[in-house]
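Coordinate inspection notes
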Amino acid sequence: KAKLVGTFKYDFLRSFGRFTSTLNQAELLNTYLRGVIKEIRGVNLRGERYTHTYFNATFYKNLVDINFKAQSKSVLLSIPSGKINQVSNKIDAYYKVKVDNRNLEGKIMGDLFDPEITLDSSKYIQKNMMSIMKDNMSTDGMSEFGMGKKESNMMRGMMDGFFD
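The paragraphs below set out a description of the structure included in this document. (Residues numbered from 1 in each chain as written. Predicted model: local features only at pLDDT ≥ 70, side-chain atom pairs only at ≥ 80, totals over all residues. Heavy atoms only, no water.)

**Let's talk about a nonpolar patch on the surface**
In plain terms, the rule: Like charges within 9 Å and nonpolar side chains (Val, Leu, Ile, Met, Phe, Trp, Tyr) within 5 Å are joined into patches, using only residues over 30% in relative accessible area that form no salt bridge. Throughout, the Shrake-Rupley method with a 1.4 Å probe supplies accessible areas, and for residues the shown protein chains are the sole cover considered. Counted as salt bridges are all cases of a side-chain nitrogen of Lys or Arg within 4 Å of a carboxyl oxygen of Asp or Glu. For helices the rule is a DSSP run of H or I covering at least 4 residues; for strands it is a run of E covering at least 2, with both sets numbered from the N terminus onward. The rule is simple: take the accessible area with a 1.4 Å probe, protein chains only, and divide by the maximum for that residue type; under 20% is buried, over 50% is exposed, in between is partly exposed.
A cluster of nonpolar side chains, namely Phe8, Tyr10 and Phe12, defines an oily patch on the protein surface of about 370 Å² accessible area. Along the polypeptide, Phe12 turns up in the loop between β1 (3–11) and β2 (16–24). You can call Phe12 exposed: its relative accessible area is 71%.

Next up, the structure:
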């Protein structure tokens, strides 16, 4: 549905090419990744329009390096680096998703037509745990354990150091 504008240059002698493009009003297809975002963030990206979108690829023999970014008012999707092997039809790429200023990161790997999409759960859990613990570590709450303001601030500082 989106209008694609781009250039493609290829040197047949060196088996090297470059594709650069921009898309206007792009929309994310119904993919597994869209389902993961809906499941984890509770946001349905169906119908979301990305006004700032580009897709770039560099071709060298049987390898394709990809770089993708799509941005709307509240969502940023990107594949800052990825590789596709055209012989084996395998992909190995990192992705980043930012929805309402909350990040998800992970990998897309394996078969190009049925890739495995993983979530970097350590960063996700770390950010969520830190937020929950800081929200629940009020001075009043800590006083129930016999801790004053000084001890409460010290505990918060330890949590920052532990998760940073």
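**Quick notes on the pairing of strand β3 (residues 52–60)**
The following threshold applies: Pairing between strands is defined by DSSP: at least two bridges between them are needed.
Sheet analysis places β2 next to β3, joined by eight bridges and oriented antiparallel. The residue bridging Gly17 from the neighbouring strand is Phe59, located in β3. Sheet topology places β3 next to strand β4 (residues 63–71); nine bridges connect them, and they run antiparallel. Within β4, the position partnered with His52 by the bridge is Gln71. Connecting the antiparallel pair β3 and β4 is a turn made up of two residues, with Lys61 showing a positive phi of about 55°.

**Remarks on the sheet that holds strand β6 (residues 90–99)**
The condition that has to hold: The angle between two axes is taken between their N-to-C directions and runs from 0 to 180 degrees, where each axis is a line fitted to C-alpha atoms and a helix contributes only its stretch in contact.
The eight strands are arranged β1-β2-β3-β4-β5-β6-β7-β8 in an open sheet whose pairing can be described as antiparallel. On the outer flanks of this sheet lie β1 and β8 (116–119), each paired with one strand and no other. Taking each pair of neighbouring strands and ignoring which way they run, the sheet shows an average axis angle of 10°.

**Let's talk about the pairing of β1**
Bridge count between β1 and β2: nine bridges; the pairing is antiparallel. Its bridge partner lying in β2, Leu4 is registered against Leu23. Hairpin connection between β1 and β2: a loop of four residues separates the two successive antiparallel strands, and Ser15 in this loop has a positive phi of roughly 55°.

**Observations concerning the environment of Lys69**
We apply this condition: Residue contacts are counted whenever heavy atoms from the two residues lie within 4.5 Å of one another.
Structurally, the position occupied by Lys69 is in strand β4. Overall, the relative accessible area of 30% leaves Lys69 in the partly exposed class. Expressed as a C-alpha distance, the spacing of Lys69 and Tyr54, which sit 15 residues apart in the sequence, is 5.5 Å. Each residue touching Lys69, except ones within four places of it in the same chain, is listed here: His52, Thr53, Tyr54, Leu76, Leu77 and Ser78.

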